[in-house]
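Given next are the chains, with one letter for each unit.
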Amino acid sequence: MNNKSPGKPSGKPVRRDGIDPVLRSRARRRALQAIYAWQISGGNAQSLLSQFAHEQAREIADLAYFEALVHGVLDHRKDLDEALTPYLDRSVEEVDAIERAALRVAAYELRYRLDVPYRVVINEAIESVKRFGSEHGHTYVNGVLDRAAVEWRKVENGG
């Protein structure tokens, strides 16, 4: 049996809640790429999802989570950008496009997906920026998200 077909687990252990962390990680990376593409060329959520759906199936990721992230970022972009602003040293639009996409996806998860531990959100954002962003972009993203998580996830941070 082929473990790499869509909808099949990644072969890694699945958590008790049924979530496969590898598939979630891939969904986050694809969402970052979709948000990056949207930032560069515009368009609507449905066209973005269609554009990335075939690649998503090929890469075997959590398609539902990918779609939730893309819709969530697009639907809440203004709120996310306003929430990020106090933690940035420049305007949101001046942040490198890959870093901006990673910050928006992570901000959405930190603010609206309380079922995802904040450490997972931050780590995933850092790893994505290491992979796709500039040489030191991950340190900037880490600093912004660390400071934001202290405020946005006070209960989880022991505050």
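Nothing here was measured: the structure is a model prediction, and the numbers come from that model.

**Q** I'd like a rundown of the overall build of the protein, residues and numbers included.
**A** The secondary structure content of the protein amounts to seven helices and zero strands. Relative to its 159 residues, the protein shows a buried fraction of 47%. Contacts in the protein between residues at least 24 apart in sequence constitute 67% of all its contacts with a sequence separation of at least 6. Accessible surface, the protein: about 8,400 Å² in total, of which carbon and sulfur atoms supply 50%.

**Q** Tell me what's going on with the nonpolar core, and back it up with residues and numbers.
**A** Counting 47 residues, the largest nonpolar core has Val70 and Leu103 as the members making the most contacts within it. For this core, the secondary-structure elements that each account for two or more residues are helix H1 (21–41), helix H2 (45–59), helix H3 (63–75), helix H4 (77–84), helix H5 (97–112), helix H6 (118–132) and helix H7 (137–152). With nine residues, H5 is the largest single contributor of residues to this core. Setting aside its immediate chain neighbours within four residues, Leu103 contacts Leu84, Leu88, Val95, Tyr140, Val141, Val144 and Leu145.

**Q** A description of H4 should follow, citing residues and the corresponding values.
**A** Along H4, the positions that sit buried rather than exposed are Leu80, Asp81, Ala83 and Leu84. On an axial view of H4, the arc spanned by its buried residues comes to 165°, and they lie on one face. Exposed side chains of H4 directed beyond 90 degrees from the buried face belong to Lys78 and Glu82. Contacts from the buried residues of H4 go to H3, H5 and H7.

**Q** Explain H6 residue by residue, including any values.
**A** In an α-helix, one turn spans 3.6 residues; hence positions three or four apart end up facing the same way. Between its first and last C-alpha, H6 extends 21 Å over 15 residues, near the 21 Å set by a 1.5 Å rise per residue. Every buried residue of H6 is accounted for by Tyr118, Val121, Ile122, Glu124, Ala125, Ile126, Ser128 and Val129. Buried residues along H6 sit against H1, H5 and H7.

**Q** Describe in detail the pattern of salt bridges, supporting the description with residues and values.
**A** Inspection of every chain in the model, using the stated rule, returns twelve salt bridges. For the salt bridge of Glu124 with Arg28, the shortest nitrogen-to-oxygen distance reads 4.0 Å. Remark: Arg28 occurs in helix H1 and Glu124 occurs in helix H6; sequence separation between them is 96 residues. In terms of burial, Glu124 and Arg28 fall into one category: buried. When salt bridges with common partners are traced through the structure, they connect Arg77, Asp81, Glu93, Arg100 and Arg104 into a single cluster.

**Q** Can you explain the side chain of Arg28? Please cite residues and give values.
**A** For Arg28, a relative accessible area of 6% corresponds to the buried category. Those residues within four positions of Arg28 in sequence are excluded, and the remaining contacts are Tyr65, Leu69, Glu109, Val116, Val120 and Glu124.

**Q** Break down the packing of aromatic side chains for me, citing the residues and quoting the values.
**A** Throughout the structure, instances matching the rule amount to two aromatic pairs. On the basis of an interplanar angle of 90° and a centroid distance of 5.8 Å, the ring pair of Tyr87 and Trp152 is categorised as edge-to-face. Of this pair, Tyr87 sits in the loop between H4 and H5 while Trp152 sits in helix H7; the two residues are 65 residues apart in sequence, bridging distant segments of the chain. Under the relative-accessibility criterion, Trp152 is labelled buried at 17%. On the numbers, 5.3 Å between centres and 25° between planes, the contact of Tyr108 with Tyr112 is stacked. Taken together, the positions of Tyr108 and Tyr112, both in helix H5 and four residues apart, correspond to about one turn of that helix. Given the relative accessible area of 10%, Tyr108 is considered buried. Overall, the relative accessible area of 35% leaves Tyr112 in the partly exposed class. A cation over a ring is seen here: Arg24 above Tyr65, with NZ or CZ 3.7 Å from the ring centre.

Criteria and cut-off values
- Residues numbered from 1 in each chain as written.
- Predicted model: local features only at pLDDT ≥ 70, side-chain atom pairs only at ≥ 80, totals over all residues.
- Heavy atoms only, no water.
- Helix = DSSP H or I, 4+ residues; strand = E, 2+ residues; numbered from the N terminus.
- Buried < 20%, exposed > 50% of the residue type's maximum accessible area, 1.4 Å probe, protein only.
- Contact = heavy atoms within 4.5 Å.
- Areas by Shrake-Rupley, 256 points an atom, 1.4 Å probe, with all protein chains shown as cover.
- Core = buried A, V, L, I, M, F, W, Y, C linked by side-chain atoms within 4.5 Å.
- Arc of directions from axis to C-beta.
- Expected span 1.5 Å × (residues − 1).
- Salt bridge = Lys/Arg side-chain N within 4 Å of Asp/Glu carboxyl O.
- Phe/Tyr/Trp six-rings, centres within 6.5 Å; stacked < 30°, edge-to-face > 60°.
- Lys NZ or Arg CZ within 6 Å of the ring centre and 35° of its normal.

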